[in-house]
Amino acid sequence: MDEEYDVIVLGTGLKECILSGIMSVNGKKVLHMDRNSYYGGESASITPLEDLFKRFKFAEGPPETMGRGREWNVDLIPKFLMANGQLVKMLLYTEVTRYLDFKVVEGSYVYKAGKIHKVPSTETEALASDLMGMFEKRRFRKFLVFVVSFDEHEPKTHQGIEPRKTTMREVYKKFDLGQDIIDFTGHALALYRTDDYLDQPCLDAINRIKLYSESLARYSKSPYLYPLYGLGELPQGFARLSAIYGGTYMLNKPVDEIVFEKGRVVGVKSEGEIARCKQLICDPSYAPKLVKKVGKVIRVICVLSHPIRSTNECNSCQIIIPQTQVNRKSDIYVCMMSYAHNVAAEGKYIAIVSTTVETSNPQKEIQPALDLLEPIDKSFVSISDLYQPTDEGRASQIFISRSYDATTHFETTCDDIKNIYKRMTGTDFDFENMKRKQNDVFGDDA
């Protein structure tokens, strides 16, 4: 332990493992520690099922009807990967894909007036959708054609819109789109959690809708992917990457304190020894005095013996309940996967509901989503505090990740990773550069 490292990483959540992998590829000497005996931290997948019952403090174990405990891998934080999104790029460029297998999520749905509808995201689907009337469909189709052909650097594609000045509200108005269309476009395609984006410049929203469209074009069923055996496979994949490049891992390693000298991190004390470092990355649980609470998230893991009704018997899907449909300030998400992904026993489904807490009765807030899932065999409720760092880390050289939000995709997770990377190195994260560095080690056909 009395060695000096370039970077020490505390916690094996996905963000920490990705950063550990990236730093190792960049030639840094990395030590990665976790007080737990398993990978994933708060983003772990729990197996066997008995451990999930223990974690949620149920006196009795799972009933026999739920099959063998080892057949279950239950995510604590549900998220899907956008097929053309940032995490898939990180997986491809780092070649962590060699350790993982993915399946396409079978459907993407949106809630309107108490019912769920397939999200229309192609011109053909828009014309067939029961979410809109005939004239609305034509206007929405025109809007989609505009978005797909939009190129930030090609003014001819802008149709008079100024990407960095025109607000998204004004763009919707230009195409004469009604409130229902605005709801599902902003929340089910652009994946905003609130309506704050409406009065921001439209470039980000257009790019998000474009990303959804391009991701969908790759697989046609939905724009989302999900790994076989659960999300817990992701941090382990990046941990292997770090190890290939010389990273050292220690699980079950208590952290007594983070050591500072003159306001700057110099190491980590564990079991009486100090490992020294120049920089430190950790999740909020390792540095409670350097984070602030910014909200809460409720997540409910529901075990079902049936697919969710009105989803065409899908084995996996996402449902978004836009805030305006249920008089809220933020959306409610439902993520469902099943035995088809090796995360549940044969014939069983796992649906996880999540949202940002807004009242003193969080369980009542998610009731509209739970109603869609009935009958529910068993549910596991967790309410987690959301933290973000109070220190950017430029002087102290300690870089703390944010807690995982209520969204069911990894785009905000990747934004945080890139933000930490920039604070640590002073440069933007460059996917292509990452690829080049790997090719230097493995050769171009790696």
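Remember, predicted model here, so these are calculated numbers, not experimental data.

Draft legend 1. Local environment of the overall build of the chain. Regarding its fold elements, the chain presents 13 helices and 19 strands. By the compact-globule yardstick of 22 Å for 446 residues, the chain fits well, its C-alpha radius of gyration being 22 Å. Expressed along its principal axes, the backbone C-alpha trace of the chain runs to roughly 70 × 60 × 50 Å. Across the chain, contacts joining residues at least 24 apart in sequence account for 72% of those joining residues at least 6 apart. Carbon and sulfur atoms make up 47% of the accessible area of the chain, which amounts to about 19,200 Å² in all. Each charge class in the chain can be summarised by its mean position, and for the 58 positive and 61 negative side chains these summaries are 3 Å apart.

Draft legend 2. The arrangement of the packing of aromatic side chains in detail. Enumeration over the complete set of coordinates arrives at 17 aromatic pairs. Between F143 and Y172, the aromatic rings sit 5.9 Å apart at their centres with planes inclined by 50 degrees, giving tilted as the arrangement. Taken together, the residues span a long stretch of sequence, with F143 in helix α5 (residues 134–149) and Y172 in helix α6 (residues 168–174) at a distance of 29 residues. Taken together, the aromatic side chains of F140, F143, F146, F150, Y172, F175 and F184 make up a single cluster linked through ring pairs. Cation over ring: K15 sits above Y404, and NZ or CZ is 4.9 Å from the ring centre. The cationic tip of R208 hangs over the ring face of Y192; the distance from NZ or CZ to the ring centre is 3.9 Å.

Draft legend 3. Focus on the pairing of strand β16 (residues 332–338). Among the seven residues that make up β16, seven are buried, leaving the element largely enclosed by the rest of the structure. Burial along β16 is two-sided: I332, V334, M336 and S338 facing one way and Y333, C335 and M337 facing the other are all buried. Pairing between strand β15 (residues 317–321) and β16: five bridges, direction antiparallel. Each bridged residue has a counterpart across the sheet, and for C317 the counterpart in β16 is M336.

Draft legend 4. Molecular detail of the domain arrangement of the chain. For the chain, the assigned domains read domain 1 (4–42 + 232–292 + 389–442), domain 2 (46–106 + 223–229 + 293–386) and domain 3 (119–219). Between domain 1 and domain 2, the C-alpha centre-to-centre distance is 26 Å. Across the boundary between the two partners, domain 1 contributes 35 residues, which contact 39 residues of domain 2. Across the interface of domain 1 and domain 2, roughly 3,300 Å² is buried in total on both sides, 63% from carbon and sulfur atoms. For the domain 1 face of the interface with domain 2, the top three residues by lost area are A406, T408 and F431, together amounting to 21%. Inspection of the region where domain 1 meets domain 2 yields one salt bridge.

Draft legend 5. Spotlight on the state of the cysteines. Applying the stated criterion across every chain, the model contains zero disulfides. For C17, which is in no disulfide, the shortest distance to another cysteine sulfur is to C282 and amounts to 14 Å. C282 carries a free sulfur, and the closest cysteine sulfur to it, the one in C277, is 10 Å from it.

Draft legend 6. View of the sheet that holds β15. Taken in spatial order, the seven strands line up as β8-β7-β15-β16-β17-β14-β18 in an open sheet, and their pairing is mixed. Where the open sheet ends on each side, the last strands, each with one partner, are β8 (115–118) and β18 (378–389). In this sheet, neighbouring strand axes are inclined to one another by 25 degrees on average, regardless of whether the strands run parallel or antiparallel. Taken together, the eight bridges between strand β14 (residues 291–304) and strand β17 (residues 349–356) define a ladder with antiparallel strand orientation. Counted as the bridge partner of V297 is T356 from β17.

Draft legend 7. The packing of helix α1 (residues 14–25) against helix α9 (residues 233–244), seen in detail. One can describe the packing of α1 onto α9 by two numbers: an axis separation of 8 Å at closest approach and a directional angle of 20 degrees. With respect to each other, α1 and α9 are oriented roughly parallel. Classified by chirality, the crossing of α9 by α1 is left-handed. Side by side, α1 and α9 meet where L14, C17, I18, S20, G21, S24 and V25 of the first sit next to L234, P235, F238, L241 and S242 of the second.

Draft legend 8. Region of interest: helix α12 (residues 411–425). A rise of 1.5 Å per residue sets the reference length of α12, with its 15 residues, at 21 Å; its end C-alpha atoms lie 21 Å apart and thus fit the reference within 8%. Restricting attention to buried positions, one finds in α12 the residues E411, T413, C414, D416, I417, I420, Y421, R423 and M424. Phi turns positive one or two residues past the end of α12, at G426, with a value near 80 degrees.

Draft legend 9. Representation of the environment of F53. If you trace the backbone, F53 turns up in helix α2 (residues 49–55). Separated by 327 residues in the primary sequence, F53 and F380 have C-alpha atoms spaced 8.3 Å apart. Other than its neighbours up to four places away in sequence, F53 contacts F58, E60, G61, P62, P63, M66, K378 and F380.

Draft legend 10. Structural view of the sheet that holds strand β6 (residues 102–104). Read from one edge of the open sheet, three strands run β5-β9-β6, paired in antiparallel fashion. With one partner strand each, in any of the chains shown, β5 (81–82) and β6 form the two edges of the open sheet.

Reading guide: rules and limits
- Starting afresh in each chain, residues are numbered from 1 along the sequence in its written order.
- With pLDDT at 70 or above as the cut-off, local features in this predicted model cover only qualifying residues; side-chain atom pairs require 80 or more to be listed or tallied, and sums for whole chains, interfaces and linings still use all residues.
- To obtain the side-chain values, all non-hydrogen atoms of the structure were included, while hydrogens and water were left out.
- In this description a helix means any DSSP run of H or I spanning at least four residues, a strand means any run of E spanning at least two, and both kinds are numbered starting from the N terminus.
- The atom set for the radius of gyration is the C-alpha atoms, and the globule formula is 2.2 Å times the number of residues raised to the power 0.38.
- It only takes one pair of heavy atoms within 4.5 Å for two residues to be counted as in contact.
- Only the protein chains shown count as cover for residues, with accessible areas throughout obtained via the Shrake-Rupley method and a probe of 1.4 Å.
- In this tally, Lys and Arg are treated as positive and Asp and Glu as negative; His is ignored, and so are the chain termini.
- In this description, the location of a charge corresponds to atom NZ of lysine, CZ of arginine, CG of aspartate or CD of glutamate.
- Note on ring pairs: Phe, Tyr and Trp rings are taken, using the six-membered ring of Trp, and paired if centres are within 6.5 Å. Classes follow the plane angle, with under 30 degrees stacked, over 60 edge-to-face and the rest tilted.
- By definition here, charges over rings are those cases where NZ of Lys or CZ of Arg is within 6 Å of the ring centre and within 35 degrees of the ring normal.
- Relative accessibility thresholds used throughout: buried, under 20% of the residue-type maximum; exposed, over 50%; partly exposed, between the two (1.4 Å probe, protein chains only).
- When DSSP finds two or more bridges between a pair of strands, those strands are recorded as paired.
- Note that the domain bounds were set by an automatic or database domain assignment.
- Note: buried area is the sum, over both parts, of the accessible area (probe 1.4 Å) each one loses when the two are combined.
- The term salt bridge refers to a side-chain nitrogen of Lys or Arg lying within 4 Å of a carboxyl oxygen of Asp or Glu.
- Throughout, disulfides are identified as pairs of cysteine sulfur atoms within 2.5 Å of each other.
- Angular values range over 0 to 180 degrees, each being the angle between N-to-C directions of two axes fitted as lines to C-alpha atoms, with helices fitted over their stretch in contact.
- Throughout, the term roughly parallel applies to angles under 35 degrees, roughly antiparallel to angles over 145, roughly perpendicular to angles from 65 to 115, and oblique to all others.
- With the far helix as reference, a near helix turned anticlockwise by less than a right angle produces a left-handed crossing, and one turned clockwise produces a right-handed crossing.
- Working rule for helices: expected span equals 1.5 Å times residues minus one.

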